[in-house]
Amino acid sequence: LTLPNRERIRLLPHCALICEVADLLYASPATVSRCGMVWVDPKNLGFKPYFERWIRNRLDEDADVVTHSKDSRVTETKHLNDFFHKYIPSS
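Note that the coordinates shown come from a computational prediction; the quantities given were computed from them, not determined experimentally.

Cut-offs used in this document
- Residues numbered from 1 in each chain as written.
- Predicted model: local features only at pLDDT ≥ 70, side-chain atom pairs only at ≥ 80, totals over all residues.
- Heavy atoms only, no water.
- Helix = DSSP H or I, 4+ residues; strand = E, 2+ residues; numbered from the N terminus.
- Buried < 20%, exposed > 50% of the residue type's maximum accessible area, 1.4 Å probe, protein only.
- Contact = heavy atoms within 4.5 Å.
- Areas by Shrake-Rupley, 256 points an atom, 1.4 Å probe, with all protein chains shown as cover.
- Phe/Tyr/Trp six-rings, centres within 6.5 Å; stacked < 30°, edge-to-face > 60°.

A. Highlighting the overall build of the protein chain. Looking only at helices and strands, the protein chain has three helices and zero strands in total. The order of α-helices and β-strands along the protein chain, N terminus first, is α-α-α. Here the protein chain holds 91 residues, and 7% of them are scored as buried. In the protein chain, of all internal contacts separated by at least 6 residues, the share reaching a separation of at least 24 is 28%. Accessible surface, the protein chain: about 8,600 Å² in total, of which carbon and sulfur atoms supply 57%.

B. Inspection of the packing of aromatic side chains at higher detail. Summed over all chains, the structure comprises three aromatic pairs. Here Phe51 and Trp54 contribute two aromatic rings whose centre-to-centre distance is 6.1 Å and whose plane-to-plane angle is 40°, an arrangement assigned as tilted. Within this pair, Phe51 and its partner Trp54 are both found in helix H2 (residues 48-63), separated by three residues, close to a single helical turn. Looking at Phe51, the relative accessible area reads 13%, which means it is buried. Judged by centre distance (4.2 Å) and plane angle (10°), the ring pair of Phe51 and Phe84 falls under stacked. In this pair, Phe51 is assigned in helix H2 and Phe84 in helix H3 (residues 70-87), connecting sequence segments 33 residues apart. Put simply, the rings of Phe51, Trp54 and Phe84 touch in pairs and so form one group of aromatic residues.

Take a look at the structure:
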């Protein structure tokens, strides 16, 4: 691992490092190719990943609420997915 000040940190063979970054502003092409990074520009994603995350977050939030049964959360998720696919055009 090379830091911005060019100092190197050697990892032992049994170590692994996973990083998630918001952008590749300071990454060189060499860094990207060595790390096997895949960059997907958010403008090319469309609405679906945002919707799916919203659904997952709703389920996680509702899991803490005792008044909602698992069946009602699953039913709500199914209805929201049906509406999404019906009213949001795929691109």
